[in-house]
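Residue strings, one per chain:
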Amino acid sequence: SVLHHWHRQGLPPDHLLRLLPSGKHDPDMLRLLALTLERGEWDTALAMWDGYLTAATATGLLPTTGPEIARVLLHMANLFPADPEAVLDTLEVDSEQQLRRRIRTGQLPACFDRAALLERARVADPVPQVERALVAHYDQWGDPKRAEAEAEAWRRAHPQDLEPLLYLIRAAERRG
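Everything numeric in this text was worked out from a predicted model, so none of it was measured. (Residues numbered from 1 in each chain as written. Predicted model: local features only at pLDDT ≥ 70, side-chain atom pairs only at ≥ 80, totals over all residues. Heavy atoms only, no water.)

Caption draft 1: Summary view of helix H11 (residues 163-175). Taking 1.5 Å per residue, 13 residues should reach 18 Å; H11 reaches 19 Å between its end C-alpha atoms and fits that length. Inspection of H11 places Pro 164, Tyr 167, Leu 168 and Ala 171 among the buried residues, and these make up the whole buried set. Across the axial projection of H11, the buried residues extend over an arc of 100 degrees, all falling on one side. Positive phi shows up at Gly 176, right after H11, with a value of about 85 degrees. (Helix = DSSP H or I, 4+ residues; strand = E, 2+ residues; numbered from the N terminus. Expected span 1.5 Å × (residues − 1). Buried < 20%, exposed > 50% of the residue type's maximum accessible area, 1.4 Å probe, protein only. Arc of directions from axis to C-beta.)

Caption draft 2: Up close: the pattern of salt bridges. Tallied over the full model, the rule gives 12 salt bridges. In this structure, the salt-bridge partner of Glu 119 is Arg 122, at a minimum N-O distance of 2.8 Å. Note that Glu 119 and Arg 122 are positioned in helix H8 (residues 114-124) at a spacing of 3 residues, about one turn of the helix. Across the salt bridge formed by Glu 150 and Arg 146, the nearest N and O atoms sit 3.1 Å from each other. Of this pair, Glu 150 and Arg 146 both sit in helix H10 (residues 144-157), 4 residues apart, which is roughly one turn of that helix. (Salt bridge = Lys/Arg side-chain N within 4 Å of Asp/Glu carboxyl O.)

Caption draft 3: View of the packing of aromatic side chains. Counted according to the given criterion, the structure contains 3 aromatic pairs. Here Trp 42 and Phe 112 contribute two aromatic rings whose centre-to-centre distance is 6.3 Å and whose plane-to-plane angle is 85 degrees, an arrangement assigned as edge-to-face. One end of the pair, Trp 42, is in helix H4 (residues 42-59); the other, Phe 112, is in the loop between helix H7 (96-104) and H8, with 70 residues separating them in the sequence. Pair check on accessibility: Trp 42 and Phe 112 agree, each one buried. Residues Trp 49 and Tyr 52 carry aromatic rings whose centres are separated by 5.5 Å and whose planes lie at 85 degrees to one another, so their mutual orientation is edge-to-face. Of this pair, Trp 49 and Tyr 52 both sit in helix H4, 3 residues apart, which is roughly one turn of the helix. Of the residues examined, Tyr 52 reaches a relative accessible area of 7% and is grouped as buried. (Phe/Tyr/Trp six-rings, centres within 6.5 Å; stacked < 30°, edge-to-face > 60°.)

As structure tokens, this is what we get:
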């Protein structure tokens, strides 16, 4: 309740974290704060989720691999706006290359690389939901060759799943 009202007043979360006991290191508090911030500030919520992952794996609350961490990583990737331009505008970069460069130099946290979050989720638990998100990400960001490569990898990993095959058929039709 306190978190919700604090956020509704437009107050920065950093001050609240300083007031709460073990705020920046308490996984439950970071998770609640991330959930609260999701309602309007996807980038701040994403940073809070990243802090939650760090704290939860450090304390043993979450394993470093498996479906639990993959689910959190997939949730984080789903926080990004659907429009790539909205992502670039919010992060104040002109292109995906500039975004990656700012992440490499430490000017932006690594959690702002959606593809890297999805790759981590796939390593943690290679389920079709993660594969689907990877294909959609590369398709959405205008990298059709990479999207097709991901769909092909998904098809090989899950031969019983028809969705990657359908994606590959549609991609081949687009190419003529």
